[in-house]
Amino acid sequence: MRKFILCLLTLILVGCGVETRVIKEADGDSKTYLFFKDFDPNNYYVELWDRNVNKNDDTKIIMARSDDEYYYEIDGANNMINIWKDGYLYTIDNQLKNYSKQESIIMDYSLGILPNDIKGLRTKGYETGEEKVYGKNYIYEKYSFDDGETTYYFSGKKLIYIKYEGIQNTLLYRFNLTKDKVSSNLFEIPDDYLEMTY
């Protein structure tokens, strides 16, 4: 009798897991679309926590865009800020209070992490199921693109993790927050910073 009860409990527990499914064409009801439906890929401010090494890494990643101006910051053991505007890349060193400037097109670090086609995301097919990240189960939605796969992990409606698997690397971030308005001050170089020329 005891073996029968254990077998029955095992079957019930296995049956309670979330089944992996492939949605060939979505109808605007995916968790990812509902989370990002008001996201503007040309105007945003996003904060993420780096989770590529461990779940307690306090390195913050900030990505922001205001049309043709782009901001990228890594704030951890070291601080690095890159600002693209007016056809130039400004690399800022807050510790030494200086910056360098060079001609450059925008290197968009959000590609593969943040959706850039919200309308297309509404109907894009994806895989969904349950997966463990750092010891906890989350519902995931995985999207395939030409340059890799992006997986969004949710607890209910709340976005928790974003994983991007590309040709050269895999990146994992914990989502912190997003804003749809970006302060123009973010793209300004402090007046008292010295320009370094090489």
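Residues numbered from 1 in each chain as written. Predicted model: local features only at pLDDT ≥ 70, side-chain atom pairs only at ≥ 80, totals over all residues. Heavy atoms only, no water.

(A) The pairing of strand β12 (residues 170–179), seen in detail. Here strand β2 (residues 43–50) pairs with β12 via six bridges, running antiparallel. Bridging across to β12, Trp-49 finds its partner in Arg-174. Here strand β11 (residues 158–166) runs beside β12; their pairing, made up of five bridges, is antiparallel. Pairing of Glu-165 across the sheet is with Thr-170, part of β12. Count of turn residues in the β11/β12 antiparallel hairpin: three residues. (Pairing = 2+ DSSP bridges. Helix = DSSP H or I, 4+ residues; strand = E, 2+ residues; numbered from the N terminus.)

(B) View of the layout of surface pockets. Volume-wise, the largest pocket comes out at about 330 Å³. For the lining of the largest pocket, the secondary structure elements donating two or more residues are β11 and β12. One number sums up the size of the second largest pocket: a volume of about 250 Å³. Of all the secondary-structure elements, those providing two or more residues to the lining of the second largest pocket are α3 (118–121) and β10 (148–155). Of the residues that constitute the lining of the second largest pocket, the class distribution is seven nonpolar, four polar and three charged. (1 Å grid on protein atoms, 1.4 Å probe; cavity = no way out; pocket = protein on both sides within 12 Å on 5 of 7 lines; lining within 4 Å. Points joined across faces, edges and corners; volume = space filled by probe spheres on them. Nonpolar A, V, L, I, M, F, W, Y, C, P; charged D, E, K, R; others polar.)

(C) Quick peek at the pattern of salt bridges. On inspection of all chains with the given rule, the structure shows six salt bridges. Linked by salt bridges that have partners in common, Glu-131, Lys-163 and Glu-165 make up one network. (Salt bridge = Lys/Arg side-chain N within 4 Å of Asp/Glu carboxyl O.)

By themselves these figures say nothing about function.
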